[in-house]
Amino acid sequence: GAALALCVGAGATEVSVTQANQLIGDSVELNGEYKLTADITIDRSIVIKKEKSVTLDLNGHVLKYKSANKGSVIKVEGGGHLTIQDSCKDDTTAVHKFDTTNDLWVLNDNPPEGKAETIQGGVITGGTGTQWDQYYRGGGVYVAPGGTLIMESGSIVGCSGSGAINGGGGVYLGLNSSPTDPTADTFTMNGGRIIGCTAGLGGGVLVAPGCKFTMNAGAVIRSCTAQMGGGVYNIGNIGTSDSPGTFTLNGGTVESNVTNSGTINADGGKITGEVTNGVDKGPGKITGTSDDSDKTEFTNTVTNHSNSTLSGFGTFTGTVINNGGKITGFGTFTGTVINNGGKIIGFCDFKEATLIGYLIVTFDPDNGAQSFTRQVPWCKDGAALTEPSPAPTKDCLLYTS
């Protein structure tokens, strides 16, 4: 209506309902800036082709994929670049209702009582993913190897990626064929939201090996679900030449759970969902990029599996379960920390934590005798330790685990 028209700026190609076909089709080569002037429904994916750079302004409207055939709302080919923004993000009259009855939210002007949520501003919705083998990836946006995506504002809501492996309901970052290229296979959220999306893996975002996903202040992922990594699934090495995926959290909030077998740079922001560090695709590492980085706050349960590491400067206010992994660095722990055969190394702050579990202390005698190990309860006040027999000729604590 009139309120939305006020948000339209000059210099961009305006797209109305009758002009929707200029966004789709094999012969269409988008390049430049485009603004929606109405809610648009498409039955084929919008494709950002190689060496093309597109800025799409949702302008408070809905861009909906609706087709009998599965497909992503938008596909970014290798070498293509897409920026999503919403010039009407602050317009309280630009609102859209969703039915939240199921995990996958559905656009609905009259949702059932008690199962409704209103999203303000422009929305991308309805995508079901680009086919790869029998799986579908990137319901909202599929980023092919070598493509880049920036999200400034707007929302991706109610999109999906089906299949037991690889999904990315909101956004899928394709396996990077050039992991040394810093501009390839990147997704940066400087704002915007991913909400109510589902997938087999990575309901909100799936980060394939060699890819880079960054969340900055104002970005939000919430109410997304998956078998693993409802909010974010960050995949590690799946082949001998793969580089692990990297998820850098500089700000923003992930309210759904996170599964990591790559690297998380915990440089700020907050994760309020559960975090699983390390899975069968590879060991996970949660770290920070520098001593000067802000701390990411982890408010829910963090499980650190074997061969995985919690390091850096994060703040852990929820329960931390160290299942054979390593906790090191300068993290601050104020919740319950349970050590199940893991290593505790470094200068972490456990003063306010409740400590449960055991440490293994190793004695290495100078007299040539075999090393001795003793299991002791882990507590802040220390624990009595029975001296090995025969007694070692020096006291040497090699490591605790």
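Before reading further, recall that the structure is shown in the block above.
Values in this document were obtained by computation on a predicted structure and should not be read as measured data.

A. The arrangement of the sheet that holds strand E17 (residues 155-157) in detail. Read across the sheet, eleven strands follow the order E3-E6-E12-E17-E21-E25-E29-E32-E35-E38-E41 without closing on themselves; strand pairing throughout is parallel. Here the strands that pair on one side only, and so sit at the sheet edges, are strand E3 (40-42) and strand E41 (332-333). When strand E35 (residues 297-298) meets strand E38 (residues 315-316), the two strands line up parallel, connected through two bridges. Bridge pairing in E38 places Glu297 opposite Thr315.

B. Here's a closer look at the packing of aromatic side chains. Inspection of the entire model under this criterion finds ten aromatic pairs. Here Tyr142 and Tyr172 contribute two aromatic rings whose centre-to-centre distance is 5.4 Å and whose plane-to-plane angle is 15°, an arrangement assigned as stacked. Of the two residues, Tyr142 is situated in strand E15 (residues 141-143) and Tyr172 in strand E19 (residues 171-173); the sequence distance between them amounts to 30 residues. Between the aromatic rings of Phe213 and Phe247, the centroid separation amounts to 5.0 Å while the plane-to-plane angle is 10°, which identifies the pairing as stacked. Of this pair, Phe213 sits in strand E24 (residues 212-215) while Phe247 sits in strand E28 (residues 246-249), and the two are 34 residues apart along the sequence. By the ring-pair criterion, three or more aromatic residues cluster together here, those being Phe298, Phe316, Phe333, Phe350 and Trp378. Directly above the aromatic system of Tyr136 lies the positively charged group of Lys70, at a separation of 5.3 Å from the ring centroid.

C. Inspection of the pairing of strand E2 (residues 32-36) at higher detail. Where strand E1 (residues 13-15) meets E2, three bridges bridge the pair, whose relative direction is parallel. By the bridge assignment, Val15 is partnered in E2 with Leu36. The pairing of E2 with strand E5 (residues 53-57) spans four bridges and is parallel. Following the sheet pairing, Lys35 is matched in E5 by Asp57.

D. Inspection of the pattern of salt bridges at higher detail. Tallying each qualifying case throughout the model produces six salt bridges. One salt bridge in this structure joins Lys52 and Glu29, with 3.6 Å as the shortest N-O distance. In this pair, Lys52 sits in the loop between strand E4 (46-48) and E5 while Glu29 sits in the loop between E1 and E2, placing the two residues 23 residues apart along the sequence. The partly exposed category is assigned to Lys52, whose relative accessible area is 23%. Exposure remark for Glu29: the relative accessible area of 49% places this residue in the partly exposed category. The salt bridge involving Asp349 is made with Lys351; its shortest N-O contact spans 3.0 Å.

E. Inspection of the sheet that holds strand E11 (residues 116-120) at higher detail. Read across the open sheet, the three strands follow the order E10-E9-E11; overall the sheet is antiparallel. The sheet is open, and its two edges are formed by strand E10 (106-107) and E11, each paired on a single side. Where strand E9 (residues 95-99) and E10 come together, two bridges link them in antiparallel fashion. Within the sheet, the bridge partner assigned to Phe98 lies in E10 and is Leu107.

Thresholds applied
Residues numbered from 1 in each chain as written. Predicted model: local features only at pLDDT ≥ 70, side-chain atom pairs only at ≥ 80, totals over all residues. Heavy atoms only, no water. Pairing = 2+ DSSP bridges. Helix = DSSP H or I, 4+ residues; strand = E, 2+ residues; numbered from the N terminus. Phe/Tyr/Trp six-rings, centres within 6.5 Å; stacked < 30°, edge-to-face > 60°. Lys NZ or Arg CZ within 6 Å of the ring centre and 35° of its normal. Salt bridge = Lys/Arg side-chain N within 4 Å of Asp/Glu carboxyl O. Buried < 20%, exposed > 50% of the residue type's maximum accessible area, 1.4 Å probe, protein only.

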